[in-house]
Amino acid sequence: MNETAVLLAGDVGATKTHLAVFSLQAGLRAPLAEATFASGDYPSLEALVRAFLPTIDRLPERAVFGVAGPVVAGRAHITNLPWTIDEQELRQALGLPTVHLLNDLAAIAQAVPLLGADDLHTLARGEAAPGGAIAVVAPGTGLGEAFLTWDGVRYHAHPSEGGHTDFAPTTPLEIELLRYLLSRFERVSYERICSGLGLPNIYAFLKSSGRGEEPAWLAEQLAQADDHTPVIVQAALDDERHCPLCADTLALFTSILGAEAGNLALKVLATGGVVLGGGIPPRILPILENGPFLSAFRRKGRFSRLMAQMPVRVILNPRAALLGAASYGLAVCPGRTA
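Residues numbered from 1 in each chain as written. Predicted model: local features only at pLDDT ≥ 70, side-chain atom pairs only at ≥ 80, totals over all residues. Heavy atoms only, no water.

**Some points on the overall build of the chain**
- Counting its secondary structure elements, the chain contains twelve helices and 14 strands.
- Relative to its length of 338 residues, the chain is compact, with a C-alpha radius of gyration of 20 Å against a globular reference of 20 Å.
- Overall, the C-alpha framework of the chain stretches about 60 × 45 × 40 Å when taken along its three principal axes.
- Residue burial in the chain is summarised as follows: out of 338 residues, 50% are buried.
- For the chain, the share of sequence-separated contacts (at least 6 apart) that also reach a separation of at least 24 residues comes to 68%. (Helix = DSSP H or I, 4+ residues; strand = E, 2+ residues; numbered from the N terminus. Rg over C-alpha atoms; globule rule 2.2 N^0.38 Å. Buried < 20%, exposed > 50% of the residue type's maximum accessible area, 1.4 Å probe, protein only. Contact = heavy atoms within 4.5 Å.)

**With respect to helix H1 (residues 45-52)**
- Within H1, the full set of buried residues consists of Leu45, Leu48, Val49 and Phe52. The arc that holds every buried residue of H1, seen down its axis, measures 95°, which confines them to one face.
- On the buried face of H1, the contacting elements are strand E1 (6-12), strand E2 (16-23), strand E3 (33-38), strand E4 (62-67), strand E7 (84-86) and helix H2 (87-94). (Arc of directions from axis to C-beta.)

**Section: the nonpolar core**
- Ranked by size, the top nonpolar core spans 52 residues in total, and within it Ile193 and Phe293 carry the most contacts.
- Tallying contributions element by element places helix H8 (residues 244-268) first for this core, with eleven residues.
- Not counting residues up to four positions away in its chain, the partners in contact with Ile193 are Phe167, Leu177, Leu181, Val188, Gly198, Leu199, Ile202, Phe253 and Ile256.
- Membership of the second largest hydrophobic core comes to 31 residues, among which are Leu102, Ile134, Leu148 and Ala325. (Core = buried A, V, L, I, M, F, W, Y, C linked by side-chain atoms within 4.5 Å.)

**Things to note about the side chain of Gln110**
- The residue Gln110 is located in helix H3 (residues 104-111) in this model.
- Apart from the residues within four sequence positions on either side, Gln110 is in contact with Ala157, Gly324, Ser327 and Tyr328.

**Structural notes on the environment of Ile284**
- Inspection of the secondary structure assignment puts Ile284 in the loop between strand E13 (273-276) and helix H9 (285-290).
- Take Ile284: its relative accessible area is 0%, and that puts it in the buried class.
- Taking the C-alpha atoms as reference, Ile284 lies 38 Å from Pro54; in sequence the two are 230 residues apart.
- Beyond its immediate chain neighbours, meaning those up to four positions away, Ile284 contacts Val233, Leu250, Phe253 and Thr254.

**Some points on the sheet that holds E3**
- Within the open sheet, the five strands sit side by side as E3-E2-E1-E4-E8. Their pairing is mixed. What marks the edges here is a single partner per strand, and that holds for E3 and strand E8 (98-103). Geometrically, the sheet is characterised by an average inter-axis angle of 15° between neighbouring strands, direction not taken into account.
- Sheet topology note: the E4/E8 ladder contains six bridges and is parallel. Among the inter-strand pairings, Arg62 is bridged to a residue of E8, identified as Thr98.
- The strands touched by H2 are E4 and E8; relative to E8, the strand with the most contacts, the crossing angle is about 140°. (Pairing = 2+ DSSP bridges. Axes fitted to C-alpha atoms, helices over the stretch in contact; angles between N-to-C directions.)

**Description of the side chain of Asn103**
- Residue position: Asn103 is located in strand E8.
- For Asn103, the side chain forms a polar contact with the main-chain oxygen of Gly69, separated by 3.0 Å.
- Ignoring anything within four residues of it in the chain, the contact list for Asn103 reads Val67, Gly69, Pro70, Val71, Pro159 and Glu161. (Polar contact = N/O pair within 3.5 Å; in protein donor to acceptor, adjacent residues only side chain to side chain.)

Bear in mind that shape data such as this cannot, by itself, settle questions of function.
In structure tokens:
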């Protein structure tokens, strides 16, 4: 890609889509233009991009979109959003020379080697093995997972749909949660629990099983909210108007998230560390630091010692997926200044 060429990059999620235009000359940290859209307001990604293109000065030479769903043969069905995206169809419809789709977690993983100290918050320092695999777990609207491997020169990002694997309870309380959810869903994956869609399921379980009372003020807020997750999180973290039921919900959420992050770390042998992405972790840092997350992450029997050596960090930069998609499109490699 030449220095003056322009790239359109996108982070396409079920809730919102972030688009930006980059050039190799300006680099990743200085987009030429950018905007955020509510994904549900548009019938397709094509329609959303058409709303953005008139706001920029020139048509991009290529486009790369990180999308929330598996990408197979250049085609993706967006998880939790009724969109189907095809690279060739989008290229023709928008008149762009090149369009490429990346799984959104692969896009976040692509960005991990480019993130600086200000972009990350350390939960556990550990001791990263040089060139060790890195696991990425991202609870947002859904639960995304990916990982990176080292080829001797740079890291390569690999997508995964591990968030949709079967939930495996590790405590009597979690066994009860699984039974509760099985009475309501045909199948229970980790995403049914460890995501913005799943957190209200934990709340409903604890409430219905008599493990906490719902305050009247909270019931009123939940009745008025389209999305219960921000309400529950705020009530758990608010010192002035604190809700113990919400705090217990978040504690169980982080414990299960820790166990699943540990599962992925074992599966890819993430001696290079574990990174938490997505929209939820930055909002609940006090709970991740002081709650059961790390103990659940490390509670892996004979491998507990190995788990304790793995660094665990939270991505604070909300544009990580966008940066990852852009870096892929601009062919920015780790270690190169962008």
